[in-house]
Amino acid sequence: THPVLRTAAQAAIALSLGDDPAPKLRVQQLLLDCFNAEVRERRCGECGHEHASAKLMPLKPPRHLLLHLKRFDTEPTSGRTHKRHTRVVIEQSVHLGTPSGSRYDLRSLVMHHGPDSASGHYTALAQLDDGEWAHYDDERVRLVGRTPFAKREAERAGYLLLYELHETSVVDLT
């Protein structure tokens, strides 16, 4: 299951990287997997069916999507964490797979550099109003051009992704 917190303006979705050591995953596919029907074992009091399915689908597209790539696992016996360095392709644009076809554009990215959640370093990339991207590393900020990030680094270190509803996809959210 994928926990989702949502309001009319935003949705935060935790994306599991799964147990399958796939060579490379894609944010778009992980996002669509969140909205697959989930079979639940329950007996219907009216008809007696033992299986039901539930499907999570937003009624209205939120303005922002905050996607959390679940890169850390906790060892049950020791409580120690370790990081999954699974490659995840971070697309510039994603969609929810809804009938409205709303498209979201990547606006910022937080990366974790290090072996586990107890150690390491965080950096961020954010798109400025003029379309340029800036890299934030503690007190250092540098412009990196219109290509937001070093692909290889982001695929292994990407942790939090902020997408914004594309301007031509904006609908009344009230």
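The following paragraphs examine the structure supplied in this document. Every chain's residues receive numbers from 1 upward, in the order its sequence appears when written. Restriction of local features to residues with pLDDT of at least 70 applies here, the model being predicted, together with a cutoff of 80 or more for giving and counting side-chain atom pairs; totals for whole chains, interfaces and linings are based on all residues. Only hydrogens and water are set aside when side-chain values are computed; all heavy atoms of the structure are taken into account.

## What to know about the overall build of the protein
By the criteria applied, helices consist of DSSP H or I runs no shorter than four residues and strands consist of E runs no shorter than two, each listed in order from the N terminus. When helices and strands are counted, the protein shows two helices and 15 strands. Residue exposure (1.4 Å probe, protein chains only): buried if accessible area is under 20% of the type maximum, exposed if over 50%, otherwise partly exposed. Burial analysis of the protein (174 residues in total) assigns 35% to the buried set. Any pair of residues with heavy atoms lying within 4.5 Å of one another is described as a contacting pair. Considering only contacts within the protein whose residues lie at least 6 apart along the sequence, 59% involve residues at least 24 apart. For accessible areas, the Shrake-Rupley method is used with a probe of radius 1.4 Å. Any residue's cover is judged against the shown protein chains and nothing else. Taken as a whole, the protein presents about 10,700 Å² of accessible surface, with 52% of it coming from carbon and sulfur.

## A closer look at unusual backbone geometry
Within the chain, aspartate 138 stands out as a residue other than glycine whose phi angle is a positive 55 degrees. Along the chain, aspartate 138 turns up in the loop between strand 13 (133-137) and strand 14 (140-145).

## Brief notes about the packing of aromatic side chains
Note on aromatic contacts: the rings of Phe and Tyr and the six-membered ring of Trp form a pair at centre separations within 6.5 Å, being stacked when their planes are under 30 degrees apart, edge-to-face when over 60 apart, and tilted otherwise. A complete count under the given rule lists two aromatic pairs for this structure. Here phenylalanine 72 and tyrosine 159 contribute two aromatic rings whose centre-to-centre distance is 5.5 Å and whose plane-to-plane angle is 70 degrees, an arrangement assigned as edge-to-face. Remark: tyrosine 159 occurs in strand 15 (residues 158-165) and phenylalanine 72 occurs in strand 7 (residues 72-74); sequence separation between them is 87 residues. For tyrosine 159, a relative accessible area of 16% gives the class buried.

## Examining the nonpolar core
Buried Ala, Val, Leu, Ile, Met, Phe, Trp, Tyr and Cys residues that are joined via side-chain atoms within 4.5 Å together make up what is termed a nonpolar core. Membership of the largest hydrophobic core comes to 28 residues, with the highest contact counts inside it found for Leu65, Leu67, Leu161 and Tyr163. Counting residues per element, the ones that place at least two in this core are strand 2 (10-16), helix 1 (27-34), strand 6 (64-70), strand 11 (103-116), helix 2 (151-157) and strand 15.

## Focus: the environment of leucine 162
Looking at the element boundaries, leucine 162 is found in strand 15. A sequence separation of 58 residues divides leucine 162 from tyrosine 104, and the C-alpha atoms of the two residues are 9.3 Å apart. The residues touching leucine 162, leaving out its near neighbours within four places in the chain, are His64, Leu65, Leu66, Asp105, Leu106, Arg107 and Ser108.

## Description of the pattern of salt bridges
A pairing counts as a salt bridge when a side-chain nitrogen of Lys or Arg comes within 4 Å of a carboxyl oxygen of Asp or Glu. Summed over the entire model, instances satisfying the criterion amount to nine salt bridges. The residue arginine 140 makes a salt bridge to aspartate 137 at a minimum N-O spacing of 3.1 Å. Residues participating in the shared-partner salt-bridge network are Arg103, Asp105, Arg107 and Glu164.

## Re helix 1
An α-helical segment advances 3.6 residues per turn. Residues three or four places apart therefore align on the same side. Along helix 1, the residues that are buried comprise Val27, Gln28, Leu30, Leu31 and Cys34. Viewed end-on, helix 1 has its buried residues packed into an arc of 165 degrees, placing them on one side of the element. The directions from the helix axis to the C-beta atoms form the arc being described.

## Let's talk about a nonpolar patch on the surface
Together, Leu128, Tyr136, Val141 and Leu143 make up a nonpolar patch on the protein surface, roughly 350 Å² of accessible area in all. Summarising the element assignment, tyrosine 136 is placed in strand 13. Each patch is built from residues lacking any salt bridge and having more than 30% relative accessible area; the joining distance is 9 Å for like charges and 5 Å for nonpolar side chains (Val, Leu, Ile, Met, Phe, Trp, Tyr).

## Focus on the pairing of strand 13
Across the five residues of strand 13, four count as buried, placing the element largely inside the fold. In terms of strand pairing, strand 12 (residues 119-127) meets strand 13 through four bridges, oriented antiparallel. If you follow alanine 126 over to strand 13, its bridge partner there is alanine 134. Think of it this way: DSSP has to see at least two bridges between two strands before they count as a pair. Hairpin connection of strand 12 to strand 13: five residues between the antiparallel strands, including glycine 131 at a positive phi of 95 degrees. The sheet contact formed by strand 13 and strand 14 spans five bridges and is antiparallel. Across the sheet, histidine 135 pairs through a bridge with arginine 142, a residue of strand 14.

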